[in-house]
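Secondary and tertiary structure notes
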Amino acid sequence: QVQLVESGGGLVESGGSRRLSCLATISIFRLDYMGWYRQAPGKERELVAHSTSGGTTHYADSVKGRFTISRDNAKNTVSLQMNSLKPEDTAVYYCNGVLFDMVYWGKGTLVTVSS
């Protein structure tokens, strides 16, 4: 059973930065895909960024140039560096991992960006 635990959420002012981390209970070398998703109030969950085991990254258009996803294999952690935050980035951010055909989710961490 893979567990993913997010941390780093909180309140940040518009234009500020925040770094989210997701700790996995297995070596992230084994995870073909790790990503960050978010769900704003009243909206569907959406992909923010993902990273494959081969090193490929992908970002939603709304965060390109502001957010960076990175893996630290030694710490079994995937992080999301968020810069130039906007009020519309306010959401619960979820870590996601895929191992073979199984999809795992963390419980989420809330990021609130004040205007």
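Right above here is the structure, for reference.
We now turn to the structure provided with this report. (Residues numbered from 1 in each chain as written. Predicted model: local features only at pLDDT ≥ 70, side-chain atom pairs only at ≥ 80, totals over all residues. Heavy atoms only, no water.)

1. Digging into the overall build of the chain
Counting its regular elements, the chain contains 0 helices and 11 strands. Going from N to C terminus, the chain has its helices and strands arranged as β-β-β-β-β-β-β-β-β-β-β. On the principal axes, the C-alpha backbone points of the chain span a range of 40 × 25 × 25 Å. Buried positions account for 43% of the 115 residues belonging to the chain. Within the chain, residue pairs in contact and separated by at least 24 positions form 54% of the contacts whose partners lie at least 6 positions apart. With the model as given, the accessible surface of the chain reaches about 6,200 Å², and the carbon-plus-sulfur share is 50%. Between the mean site of the 12 positive side-chain charges and the mean site of the 10 negative ones, the chain shows a separation of 4 Å. (Helix = DSSP H or I, 4+ residues; strand = E, 2+ residues; numbered from the N terminus. Buried < 20%, exposed > 50% of the residue type's maximum accessible area, 1.4 Å probe, protein only. Contact = heavy atoms within 4.5 Å. Areas by Shrake-Rupley, 256 points an atom, 1.4 Å probe, with all protein chains shown as cover. Lys, Arg positive; Asp, Glu negative; His and termini not counted. Charge placed at Lys NZ, Arg CZ, Asp CG, Glu CD.)

2. As for the pairing of strand E11 (residues 109–114)
Of the two faces of E11, only one is covered, namely that formed by Thr-109, Val-111 and Val-113; the face formed by Leu-110, Thr-112 and Ser-114 stays uncovered. As defined by bridge partners, strand E2 (residues 10–13) adjoins E11 across 4 bridges and the pair is classed as parallel. Directly across from Leu-11, in E11, lies its bridge partner Thr-112. Pairing analysis gives 3 bridges linking strand E9 (residues 91–99) to E11, with the strands arranged antiparallel. Bridge pairing links Val-92 to Leu-110 in E11. (Pairing = 2+ DSSP bridges.)

3. Some words on unusual backbone geometry
Not every positive phi belongs to a glycine, and Asn-76 is a case in point at roughly 55°. Examined against the element boundaries, Asn-76 turns out to sit in the loop between strand E7 (67–72) and strand E8 (77–82). In this structure, Ser-84 is a non-glycine residue whose phi angle is positive, near 50°. Structurally, the position occupied by Ser-84 is in the loop between E8 and E9.

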